[in-house]
Amino acid sequence: MNLRIPGPTPCPEEVLQATGRQMINHRGPEFAGILRRVTDGLNWVFGSSTDVLTFTTSGTGGLEAAIVNTLSPGDHVLAVSIGSFGDRIRSIATTYGARATSYAVEWGEAADPKEIGRLLDADPTIKAVLVTHNETSTGVTNPLEAIAREVRARDRLIIVDAVSSLSSVPCPVERWDLDVVVSGSQKGWMAPPGLAFVYMSERAWAANAEAKMPRFYFDAGKTRESLEKLQTPWTPAISIFYSMDTAFEMMRAEGLEGVYTRHEAIAGYTRDRVKSLGLKLVPVDEKFASNTVTAVWWPEGIDAKALGKRAREEFGVVLGGGQGKLDGKIFRVGHLGWVSKDDVVAALDVVERLLSEAKATA
Ligand SMILES: Cc1ncc(COP(=O)(O)O)c(C=O)c1O
């Protein structure tokens, strides 16, 4: 199968073999070694000089951890949304009692950093900005560095969903002065789902000391205390730690620059090929098009579900569909993690063939 959804992504053979290893004592020295190596790997990719925390959960759990560990019920947040994942982090915050002001842009567009600055100036009660780095539902990457500069200049917290960007595109958390940043193992990290990673800045830890939202499993303080003893507070997904340990060996061999350049080149090829087929990209301004997932409008009159089904059943190509209001209107090609140009060429050859057949029978 050519799995071209934007996560879970295919795992390299070495990672699959590591994932299948026998269980070990999660309070013993062998796991301690793995936890140290995986945390070092995370610190390296996040660009963090303090330890990134790992939770056994999916990306959404990581986002929940980010919210409940830094905010209190009644806190005012600016929820920046450019698609369905921007809406999700807002929902998590309001579920736990935050008061949210929304800055939502048309799906396909990126957020405007200056507008975020203006909204923060207009309301000094806003404590934190919630923002998605890479909006997987529309294939748009926000100008996060510029957004962070606006937030920083006004001394608010910036909480970032980097689930589908980190490890595939640069997101240096300290250099960009971000506060809380979340990613998940099944995206660019070349591992199966099951672990979420959460970076917290010093400012975020200071907020944590005051934060009153309820939390137990996702308590960052407990997780940090355990990490100091090279343990996790609860039984971790040991198998996914094995996967991450091996995935980091591969990432270190390729080098971070190598990983980023590969993603950039494959994404560039994907966009050019899609346009050469006469199809339109969902991102309105290609400058903000994602290097991890390309979202494309189906031509008018196409039976998207039938085409996706044929791609999967007859050609073994699994494309991502549209989410929410984009359901049936777009397809998405994931090109993150363990991906080569050949994988995308093969997927788009199938799209081309199916589209020309559909046109011929129309
Ligand atoms: C940007 C973004 N945020 C959050 C999530 C949610 O992660 P999970 O499905 O692992 O809970 C995803 C997963 O697709 C994502 O792409």
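In the block above lies the structure referred to throughout.
Now for a quick tour of the structure. (Residues numbered from 1 in each chain as written. Predicted model: local features only at pLDDT ≥ 70, side-chain atom pairs only at ≥ 80, totals over all residues. Heavy atoms only, no water.)

**Structural notes on the site of the ligand**
If you check the shell around the ligand, you find 13 residues, and the closest are Ser58, Thr60, Thr136, Asp161 and Lys187. Taking Ser58, its side chain carries an N or O atom lying 2.6 Å from an oxygen atom of the ligand. A distance of 2.8 Å is found between an oxygen atom of the ligand and a backbone nitrogen or oxygen belonging to Gly59. When the ligand sits alone it has 390 Å² of accessible area, and the protein chains cover 87% of it. Mapped onto the shell around the ligand, the elements with two or more residues apiece are helix H3 (59–68) and helix H4 (84–95). Of all the elements, H3 adds the most residues to the shell around the ligand, at three residues. (Near = heavy atom within 4 Å. Polar contact = N/O pair within 3.5 Å; in protein donor to acceptor, adjacent residues only side chain to side chain. Areas by Shrake-Rupley, 256 points an atom, 1.4 Å probe, with all protein chains shown as cover. Helix = DSSP H or I, 4+ residues; strand = E, 2+ residues; numbered from the N terminus.)

**Looking at the packing of H3 against H4**
Packing of H3 against H4 leaves a shortest axis separation of 10 Å and a crossing angle of 50°. One element, H3, and the other, H4, form an angle in the oblique class. Crossing handedness for the pair H3 and H4: right-handed. Across from Thr60, Leu63, Glu64 and Ile67 in H3, the residues of H4 making contact are Arg88, Ile89, Ile92 and Ala93. Partitioning the contact of H3 with H4 into residue classes produces five nonpolar, one polar and two charged. (Axes fitted to C-alpha atoms, helices over the stretch in contact; angles between N-to-C directions. Parallel < 35°, antiparallel > 145°, perpendicular 65-115°, else oblique. Left-handed = near helix turned anticlockwise from the far one by under 90°. Contact = heavy atoms within 4.5 Å. Nonpolar A, V, L, I, M, F, W, Y, C, P; charged D, E, K, R; others polar.)

**Looking at empty space enclosed by the protein**
For the structure on display, the rule yields two cavities of 30 Å³ or more. Its volume calculated, the largest cavity comes out at about 70 Å³. Taken together, Thr54, Phe55, Thr56, Tyr217, Thr223, Thr232, Pro233, Trp234, Thr235 and Pro236 make up the full set of residues lining the largest cavity. When residues of the lining of the largest cavity are assigned to their parent elements, the largest contribution, three residues, is made by strand S2 (residues 53–56). Tallied by class, residues from the lining of the largest cavity come to five nonpolar, five polar and no charged. Taken together, Leu35, Thr39, Val52, Leu53, Thr54, Thr223, Leu227, Gln231, Thr232 and Pro233 make up the lining of the second largest cavity. Among the elements of the structure, helix H2 (29–46), S2 and helix H8 (220–228) are those that each provide at least two residues to the lining of the second largest cavity. Residue composition of the lining of the second largest cavity, by class: five nonpolar, five polar and no charged. (1 Å grid on protein atoms, 1.4 Å probe; cavity = no way out; pocket = protein on both sides within 12 Å on 5 of 7 lines; lining within 4 Å. Points joined across faces, edges and corners; volume = space filled by probe spheres on them.)

**Notes on the environment of Asp219**
For Asp219, the location among the structural elements is in the loop between helix H7 (202–210) and H8. According to the relative accessible area criterion, Asp219 is buried, its value standing at 16%. Along the backbone, Asp219 and Phe55 are 164 residues apart, and their C-alpha atoms lie at a distance of 9.5 Å. Once you skip the residues sitting within four places of it in the chain, Asp219 turns out to touch Phe55 and Asn69. (Buried < 20%, exposed > 50% of the residue type's maximum accessible area, 1.4 Å probe, protein only.)

**A word on helix H11 (residues 304–315)**
Helix length check: H11 (twelve residues) gives 16 Å between terminal C-alpha atoms against 16 Å at 1.5 Å per residue, within 8%. Residues of H11 that are buried include every one of Ala304, Leu307 and Ala311, and no others. Down the axis, H11 shows its buried residues gathered within 70° of arc, on one side only. Facing away from the buried side of H11 by over 90 degrees, the exposed positions are Lys305 and Glu313. Downstream of H11 by one or two residues, Gly316 has phi in the positive range, about 70°. (Expected span 1.5 Å × (residues − 1). Arc of directions from axis to C-beta.)

**Let's talk about the sheet that holds strand S10 (residues 195–200)**
Taking strand neighbours across the sheet as the criterion, the seven strands line up as S2-S10-S9-S8-S5-S3-S4 in an open arrangement whose pairing is mixed. The two strands at the open ends of the sheet, each matched to only one other strand, are S2 and strand S4 (99–104). Taken pair by pair, the neighbouring strands of this sheet meet at an average axis angle of 20°, ignoring direction. Strand direction decides the pairing type here: strand S5 (residues 126–132) and strand S8 (residues 157–161), joined by five bridges, are parallel. Considered in S8, the bridge of Val131 is made with Val160. Strands in contact with H3 are S2, S5, S8, strand S9 (180–184) and S10; relative to S9, the strand with the most contacts, it is inclined by about 165°. (Pairing = 2+ DSSP bridges.)

**Quick look at the side chain of His263**
Counting through the fold element by element, His263 comes out in helix H10 (residues 256–276). Of note is the side chain of His263, whose polar atom sits 2.8 Å from the backbone oxygen of Val259. In contact with His263, other than residues within four places in its own chain, are Ser168, Asn291, His335, Leu336 and Gly337.

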